[in-house]
Amino acid sequence: MSNCDTRFQFFVSSLEKLKDGVSKFNEENDLLRDGLIQRFETAFEMAWKNLNLCIIDEGVIGHKSPKSVVCESFSLGILHDEVWYSMLKDRNAIGDIYDEQLAQKICDNIVKKYVYALEDVRELFQARMLS
């Protein structure tokens with residue numbers, strides 16, 4: 001199995017775990033909230049690393065940060081949904097979550113928007129791998 005295939009499988013696995021977390025999420029349970037945020041962080045990490053492989057495949061190298069990879073993915077037309085900028089912002093805020101309201105807002109975004117954007121990018125990755 002190639003490095004690309006392995007990285008893609010890690011992303012798929014992390015997305016499935018995130019979806020499982022979304023299905024079990026309960027706003028009143030701090031442990032489930034924290035677990036959902038952690039699973040989002042892992043899925044986002046795997047997503048941007050797979051996006052980096054896509055932009056390398058397009059002949060663009062040198063992007064090392066999630067922000068630069070997301071921006072370049074928009075420039076190349078790989079990404080189209082502006083929710084990725086919100087995901088990036090929330091992912092960067094995770095390390096500073098001491099505020100219950102912020103944690104809840106991020107969970108709401110995960111449940112209502114982010115899991116769908118990650119599903120869309122999974123389909124994009126699969127289509128690129130098949131071509």
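Refer to the structure presented above.
Read on for an overview of the structure. What you are looking at is a predicted structure, and each value in this text was computed from that prediction instead of being measured.

## Let's talk about the packing of aromatic side chains
So, point 1. If you walk through the whole model with that rule in mind, you get 6 aromatic pairs.
So, point 2. Aromatic side chains Phe-11 and Phe-125 sit 5.5 Å apart centroid to centroid with 80° between the ring planes, which places their arrangement in the edge-to-face category. Taken as a pair, Phe-11 in helix H1 (residues 3-24) and Phe-125 in helix H5 (residues 100-130) lie far apart in primary sequence, 114 residues in all.
So, point 3. With a relative accessible area of 0%, Phe-11 lands in the buried category.
So, point 4. Between Phe-40 and Phe-44, the aromatic rings sit 6.1 Å apart at their centres with planes inclined by 45°, giving tilted as the arrangement. In this pair, Phe-40 and Phe-44 are both assigned in helix H2 (residues 30-57), 4 residues apart and thus about one turn of the helix distant. For the pair shown, Phe-40 and Phe-44 are each scored as buried.

## Brief notes about the side chain of Arg-33
So, point 1. Tracing the sequence through the fold places Arg-33 in helix H2.
So, point 2. Excluding residues within four positions of it along the chain, Arg-33 makes contact with Phe-25, Glu-100, Ala-103, Gln-104 and Cys-107.

## Overview of the packing of H2 against helix H4 (residues 83-93)
So, point 1. Viewed as axis vectors pointing N to C, H2 and H4 meet at an angle of 125°, and their least axial separation amounts to 11 Å. The pairing of H2 with H4 is recorded here as oblique in orientation. Between H2 and H4 lies a crossing of left-handed hand. Between H2, through Phe-40, Phe-44, Glu-45, Ala-47, Trp-48 and Leu-51, and H4, the contact on the second element is made entirely by Trp-84, Met-87, Leu-88 and Arg-91.
So, point 2. Tallied by class, the residues present in the contact of H2 with H4 amount to 8 nonpolar, no polar and 2 charged.

## Here's the deal with the nonpolar core
Nonpolar side chains in soluble globular proteins tend to end up buried together.
So, point 1. By size, the foremost hydrophobic cluster in this structure holds 38 residues, and its most contacted members are Phe-11, Leu-18, Phe-40, Trp-84, Met-87 and Leu-118.
So, point 2. Contributing elements (two or more residues each) for this core: H1, H2, helix H3 (66-75), H4 and H5.
So, point 3. No other element matches the 11 residues that H2 contributes to this core.

## What to know about the packing of H2 against H3
So, point 1. At a minimum axis separation of 9 Å, H2 and H3 run at an interaxial angle of 55°. By the angle class used here, H2 and H3 are oblique. The crossing of H2 and H3 is left-handed. Counted together, Phe-44, Trp-48, Leu-51, Asn-52 and Ile-55 of H2 and Pro-66, Val-69, Glu-72 and Ser-73 of H3 form the full contact between these two elements.
So, point 2. Classifying every residue of the contact of H2 with H3 gives 6 nonpolar, 2 polar and 1 charged.

About the cut-offs
- Residues numbered from 1 in each chain as written.
- Predicted model: local features only at pLDDT ≥ 70, side-chain atom pairs only at ≥ 80, totals over all residues.
- Heavy atoms only, no water.
- Phe/Tyr/Trp six-rings, centres within 6.5 Å; stacked < 30°, edge-to-face > 60°.
- Helix = DSSP H or I, 4+ residues; strand = E, 2+ residues; numbered from the N terminus.
- Buried < 20%, exposed > 50% of the residue type's maximum accessible area, 1.4 Å probe, protein only.
- Contact = heavy atoms within 4.5 Å.
- Axes fitted to C-alpha atoms, helices over the stretch in contact; angles between N-to-C directions.
- Parallel < 35°, antiparallel > 145°, perpendicular 65-115°, else oblique.
- Left-handed = near helix turned anticlockwise from the far one by under 90°.
- Nonpolar A, V, L, I, M, F, W, Y, C, P; charged D, E, K, R; others polar.
- Core = buried A, V, L, I, M, F, W, Y, C linked by side-chain atoms within 4.5 Å.

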